[in-house]
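# Results of the structural survey
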Amino acid sequence: MIITVDGPAAAGKGELTQRLAKHFGFARLDTGKLYRAVGWRVLAGGGDPENEAAAVDAAKALAADDLEAPGLRSEEAAEAASKVAAIQAVRGVLLEFQRHFAAAPPGGRKGAVFDGRDTGTVVCPDAMIKLFLTASPEVRAIRRVKQLQEQGAEAIHGRVLQELKERDARDTTRNVAPLKPAEDALVIDTSDMDADAVFAAALDFISSQAPDQLPKS
Ligand code: C5P
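Before going into details, it helps to say that this report is about the structure given with it. Just so it is clear, the model here is predicted, and its values are computed rather than measured.

### Some thoughts on the side chain of Asp118
Counting through the fold element by element, Asp118 comes out in the loop between strand 3 (112–116) and helix 6 (119–123). For Asp118, a relative accessible area of 3% translates into the label buried. Excluding residues within four positions of it along the chain, Asp118 makes contact with Asp6, Arg91, Val123 and Ala177.

### Describing the site of the ligand
Arg36, Arg91, Asp118, Arg167 and Asp171 are the nearest of the 14 residues found near the ligand. Arg36 has a polar side-chain atom sitting 2.6 Å from an oxygen atom of the ligand. For the ligand, the accessible surface in isolation is 460 Å², of which the surrounding protein chains cover 97%. For the shell around the ligand, the secondary structure elements donating two or more residues are helix 2 (31–44), helix 4 (75–84) and helix 8 (157–173). Among the elements that make up the shell around the ligand, the one with the highest residue count is helix 2 (4 residues). By residue class, the composition of the shell around the ligand is 3 nonpolar, 4 polar and 7 charged.

### Examining the nonpolar core
Core analysis: the biggest nonpolar cluster contains 19 residues, and Ile3, Val5, Leu16, Leu20, Ile129, Leu131 and Leu133 have the highest contact counts within it. Sorting the residues of this core by element identifies strand 1 (2–6), helix 1 (13–24), strand 4 (129–134) and helix 9 (195–209) as the ones contributing at least two each. Sort the elements by how many residues they give to this core and helix 9 lands first, with 5 residues. In this structure, Leu133 is in contact with Val5, Asp6, Gly7, Pro8, Ala11, Gly12, Lys13, Leu16, Ile188, Thr190 and Val198, ignoring residues within four places of it in sequence.

### Brief notes about unusual backbone geometry
Residues other than glycine seldom take positive phi values, yet Ala10 does so here, at roughly 60°. Looking at where Ala10 falls in the secondary structure, it is placed in the loop between strand 1 and helix 1. Even without glycine at this site, Ala177 takes up a positive phi of about 45°. You can see Ala177 is positioned in the loop between helix 8 and strand 5 (186–189).

### Thoughts on the packing of helix 1 against helix 9
At a closest axis distance of 10 Å, the pairing of helix 1 and helix 9 adopts a crossing angle of 55°. Taken together, the axes of helix 1 and helix 9 lie oblique to each other. Handedness of the helix 1/helix 9 crossing: right-handed. Here helix 1 contributes Glu15, Leu16, Arg19, Leu20, His23 and Phe24 to the contact with helix 9, which in turn contributes Ala195, Asp196, Val198, Phe199, Ala202, Leu203 and Ile206.

### Side note on the environment of Thr172
Along the polypeptide, Thr172 turns up in helix 8. Expressed as a C-alpha distance, the spacing of Thr172 and Arg117, which sit 55 residues apart in the sequence, is 9.3 Å. When residues no more than four places from it in sequence are discounted, the contact partners of Thr172 are Pro178 and Leu179. Among the polar contacts made by the side chain of Thr172, one reaches the main-chain carbonyl oxygen of Ala169 at a distance of 3.4 Å.

Rules and cut-offs
Residues numbered from 1 in each chain as written. Predicted model: local features only at pLDDT ≥ 70, side-chain atom pairs only at ≥ 80, totals over all residues. Heavy atoms only, no water. Helix = DSSP H or I, 4+ residues; strand = E, 2+ residues; numbered from the N terminus. Buried < 20%, exposed > 50% of the residue type's maximum accessible area, 1.4 Å probe, protein only. Contact = heavy atoms within 4.5 Å. Near = heavy atom within 4 Å. Polar contact = N/O pair within 3.5 Å; in protein donor to acceptor, adjacent residues only side chain to side chain. Areas by Shrake-Rupley, 256 points an atom, 1.4 Å probe, with all protein chains shown as cover. Nonpolar A, V, L, I, M, F, W, Y, C, P; charged D, E, K, R; others polar. Core = buried A, V, L, I, M, F, W, Y, C linked by side-chain atoms within 4.5 Å. Axes fitted to C-alpha atoms, helices over the stretch in contact; angles between N-to-C directions. Parallel < 35°, antiparallel > 145°, perpendicular 65-115°, else oblique. Left-handed = near helix turned anticlockwise from the far one by under 90°.

Here it is, written out as C-alpha cells:
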C-alpha cells in the first residue's frame, strides 16, 4: 500500500507524510533528503553540483551517514539538491533505492508514505493514493523562514522567497521527472489551511479511494 505526496518546497508535505505514516503505521521516505545528501556530498568534496560526473559519483557513494549530515536542511543543500536532481543519471541511481523501499518497506511495515516531487509520477506510478500539495510562494516562504529559524538558522523572507522561486522553476522545467501532479492525484492548495485541515482532507480522500485496504489506526 503506497501513498505518494508530491509538491513544491514548504507546501506541507513533511508534516502530512509524518502524520499519515504514524496514523497508518507505515514507513516514510523523505526522498528530498536523498537529493540533498547527494548535493551536500558534492559540495563537501569541493565539487560543482551541476557537474554530472561528480554528482553521479556522489549518488553511487551515498551512505547512511550522509542522510544525517547536519547541513542537510540548509538552503545551500536545497539548492545543490535541485541541481543534482536535474541530472538523469543521478535520478536513475536514486530511483532504484526508492523502488526497493516501496516494494519492501523497512521494519516489515505494510505500506509506505513517500514525500517528494516525482513519487506519484515516476517512482510509484501505480501507487493507490496520490496527493499533490501546493501553496502560494509567499505563504511557503513564510513557512520556510519559520522552519529555518526554529533550526537556529538565519533567514530573510525576501531571500528565501527568491530561492524558493528559483528552485520551483528548476524543478518544474527540468527535462527529467519535472515537478507536476500525477493525473490521478488529488491536488490540495494548503495556502489557507492548517496542518489539521490538510490531514483531514487527505484522510477523507484516502478513505474514499481505499476504504477496505487500509489498516485501521
Ligand atoms: O523536498 P526537499 O526540499 O528536501 O527537496 C530538495 C530538492 O530535491 C528539490 O528542490 C528537488 O529538486 C529535489 N527532489 C526531486 N525529486 C524528489 C524529491 C526532491 O527532484 N522526489
